[in-house]
Structure formats: C-alpha cells, structure tokens
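Structural characterization, general
Spelled out from the first residue to the last, the chains are:
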Amino acid sequence: MNAILVSALSISIVQPGERAAVEAMLQLYIHDFSELFAGTRRGDLGEDGRYVVDIAIRDWWSDTVDHVALLIRVDGRLAGFALLNRKAHGDHLIDWAMAEFFVVRKYRRAGVGRLATREIFARYPGRWEAAVMRLNTGALAFWDAAIRSHPAVAAIEIFDTRPPSWNGSSFVFSIVPSIVEQ
C-alpha cells in the first residue's frame, strides 16, 4: 500500500455543478485504459488532443433512476468517481452494475478503492455485477479482493464472457441488506 493516510473518505452523488469534474476525470480514466487498446483505433486522441469518450455520460445526467454518478473524495479532495447503472454484461439479473470505477493514481494502492467500493455496495445493497476487461489484470485482482472482503457479500459467481457481447470476467454477487444494516 502507498504511504498516503486516508483519514476521511466520502462518497457523494454528483451534483449538476460537479459534472465537469467527472468529465475531466474521464480523460484520465481513458488514458489509463489506452495502453490496453494497443493495435486498435480505440483509445486514440481526437484532433483536439482529448480522448474520445465512448461512455454515454449524458445518461448519468438525465436518468437518475437507472444511473447513479458518485464522486469519491479523500479528505475533501477529489480522488475518483463511480458510475452505477442497471445493465448487466450478460443475461444476469442484477439490481446494480459498477459501470465505471476510477481512482486517481495518487490514491491507488492506499486502500481508497476498496474503502470506496465497500461504502458504495453498502449504500446500494442487492444483486451486483462488476465486469472487468480481460486485458485489465490489475482490475481483475482488485475487484476479486474488494468483493470477497465485503462483510455483507454473498453468492459470488464469476462468469467468463467472450465477444461479441463482452470480453472479460463478470463478478455477480449479492450484498445482503440485513448484514449491511448491522
């Protein structure tokens, strides 16, 4: 773990005035993924020097029932975001999916991601999916540990999906409300 001490982690729903912060962090998020897209057009910069965002971010601003955008802060400073929706990568029945999850490099390996997922899952109990691209081996290890360590987790299943619908693993699991509330 990093030497950064996390004294206060907070998770909040993105307010209209904070949307630009998420959109700016999406550039960092895509930058992190760009090395996984070597040999493809995906992850190329546009003529304006910015990454093309292929995430329908407007869905998170217009549909607050099926889409939840969250900001992650450490000691009051932006540290990342989480985008939740209700769309599974397979035919799994779910309540929530971790559509996108990002922690800035400064706070990685300091427990911020695991603390954030613990809080998010507890806030939104039910049947979850966290899907991970096959090439993103670091994220696969992170999600496996974050999910298995949650005190209210139950019924973990891991599905391996290949194109055309998805190329990676999907963790499908439940966060039991009665355990969360204790």
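See the structure above.
What comes next concerns the included structure. Please read all numbers here as calculations on a predicted model, not as lab measurements.

**Regarding helix α4 (residues 137-148)**
Taking 1.5 Å as the rise per residue, α4 with 12 residues should run 16 Å; its terminal C-alpha atoms sit 17 Å apart, in good agreement. Within the span of α4, buried status applies to Ala 139, Trp 143, Ala 146 and Ile 147. Buried residues of α4, seen end-on, are gathered within an arc of 90 degrees and therefore sit on one face of the element. Against the buried residues of α4 lie β4 (96-103), α3 (112-123), β5 (126-133), β6 (153-161) and β7 (168-175).

**Comments concerning the pairing of β4**
For a regular strand, side-chain orientation follows a simple rule: the groups alternate between the two sheet faces. Of all the eight residues making up β4, seven are buried; the element is thus mostly covered by neighbouring parts of the structure. Pairing of β4 with β5 involves three bridges; the strand directions are parallel. Residue Met 98 lies in a different strand from β5, and its bridge partner there is Ala 130. Once you follow β4 into α3 and on to β5, the crossover reads as right-handed.

**Things to note about the sheet that holds β4**
What links the strands of a sheet is backbone hydrogen bonding, and the strands pair in either a parallel or an antiparallel sense. One open sheet holds the seven strands; their spatial order is β1-β2-β3-β4-β5-β7-β6, and the pairing between them is mixed. Pairing within the sheet leaves two strands with one partner each, and these edge strands are β1 (9-13) and β6. Across this sheet, the average inter-strand angle for adjacent strands is 25 degrees, counted without regard to direction. Of the pairings in the sheet, the one linking β6 to β7 comprises seven bridges and is antiparallel in character. Residue pairing across strands places Thr 161 opposite Gly 168, the latter belonging to β7.

**Let's talk about helix α1 (residues 19-34)**
With 16 residues, α1 extends 23 Å between its outermost C-alpha atoms, agreeing within 8% with the 22 Å of an ideal straight helix rising 1.5 Å per residue. Of all the positions in α1, only Val 22, Met 25, Leu 26, Gln 27, Tyr 29, Ile 30, Asp 32, Phe 33 and Ser 34 are classed as buried. Elements that come into contact with the buried residues of α1 comprise α2 (58-62), β2 (67-74), β3 (77-85), β4 and β5.

**Observations concerning the nonpolar core**
Buried together is how nonpolar side chains tend to be arranged in soluble globular proteins. Grouped together as the largest cluster of nonpolar side chains are 48 residues, with contacts concentrated most on Phe 81, Leu 84, Met 98, Phe 101, Ile 120, Trp 128 and Trp 143. Element by element, the count of residues in this core is highest for β2, at six residues. Residues contacting Trp 143, with those up to four places away along its chain left out, are Met 98, Phe 101, Thr 117, Phe 121, Ala 130, Val 132 and Phe 171.

**Here we look at the pattern of salt bridges**
The final tally for this structure, using the stated rule, is 11 salt bridges. Of the charged contacts, one joins Asp 144 and Arg 148 as a salt bridge, the two residues approaching to 2.6 Å between their closest N and O atoms. Highlighted residues: Asp 144 and Arg 148, both in helix α4, separated by four residues, approximately one helical turn. Accessibility expressed as a relative area gives 46% for Arg 148, which makes it partly exposed. Within the structure, one salt-bridge network assembled from shared partners comprises Asp 32, Arg 105 and Arg 108.

**Here we look at the packing of α3 against α4**
Packing of α3 against α4 leaves a shortest axis separation of 10 Å and a crossing angle of 50 degrees. The pairing of α3 with α4 is recorded here as oblique in orientation. In this structure, α3 crosses over α4, and the sense of that crossing is right-handed. On α4, the residues touching Gly 113, Arg 114, Thr 117 and Phe 121 of α3 are Phe 142, Trp 143, Ala 145, Ala 146 and Ile 147. Tallied by class, residues from the contact of α3 with α4 come to six nonpolar, two polar and one charged.

**Thoughts on the packing of aromatic side chains**
Per the stated rule, a full pass over the model turns up 12 aromatic pairs. A centroid spacing of 4.9 Å and a plane angle of 80 degrees characterise the contact between Tyr 29 and Phe 33, whose relative ring orientation is edge-to-face. Taken together, the positions of Tyr 29 and Phe 33, both in helix α1 and four residues apart, correspond to about one turn of that helix. One exposure class covers both Tyr 29 and Phe 33, and it is buried. The cationic tip of Arg 86 hangs over the ring face of Trp 96; the distance from NZ or CZ to the ring centre is 3.9 Å.

Conventions and cut-offs
- For every chain, the first residue of the written sequence is number 1, and numbering continues from 1 onward in sequence order.
- Only residues with pLDDT of at least 70 get local features here, since the model is predicted, and only at 80 or more are side-chain atom pairs given and counted; chain-wide, interface and lining totals rely on the full set of residues.
- In computing side-chain properties, one takes all heavy atoms of the structure into account and sets aside hydrogens as well as water.
- Under the DSSP-based scheme used, a helix requires at least four consecutive residues in state H or I and a strand at least two consecutive residues in state E, with every element numbered from the N terminus.
- By this rule, a helix spans an expected 1.5 Å times one less than how many residues it contains.
- Whether a residue is buried, partly exposed or exposed follows from its accessible area with a 1.4 Å probe, protein chains only, as a fraction of its type maximum: under 20%, in between, or over 50%, in that order.
- It is the directions from the helix axis to the C-beta atoms that the arc portrays.
- The contact criterion used throughout is that any non-hydrogen atoms of two residues lie within 4.5 Å.
- DSSP-based pairing: two strands are paired if at least 2 bridges between them are found.
- We call a crossover right-handed when, viewed with the strands running away from us, the connection from the first strand over the helix to the second turns clockwise.
- To get an axis, a line is fitted to the C-alpha atoms, and for a helix only the part in contact is used. The angle between two axes follows their N-to-C directions and goes from 0 to 180 degrees.
- To form a nonpolar core, buried Ala, Val, Leu, Ile, Met, Phe, Trp, Tyr and Cys residues must be joined to one another through side-chain atoms within 4.5 Å.
- Salt bridge, as applied in this entry: a Lys or Arg side-chain nitrogen positioned within 4 Å of an Asp or Glu carboxyl oxygen.
- Angles below 35 degrees are treated as roughly parallel, those above 145 as roughly antiparallel, those between 65 and 115 as roughly perpendicular, and all remaining angles as oblique.
- Helix crossings are classified by the rotation of the near helix relative to the far one: an anticlockwise turn of less than a right angle makes the crossing left-handed, while a clockwise turn makes it right-handed.
- Think of it as three bins: nonpolar holds Ala, Val, Leu, Ile, Met, Phe, Trp, Tyr, Cys and Pro, charged holds Asp, Glu, Lys and Arg, and polar takes everything else, Gly as well.
- For Phe, Tyr and Trp, where Trp contributes only its six-membered ring, two rings pair if their centres lie within 6.5 Å, and the inter-plane angle classes them as stacked under 30 degrees, edge-to-face over 60, or tilted in between.
- Only when the NZ atom of a Lys or the CZ atom of an Arg is both within 6 Å of the ring centre and within 35 degrees of the ring normal do we say a charge sits over the ring.

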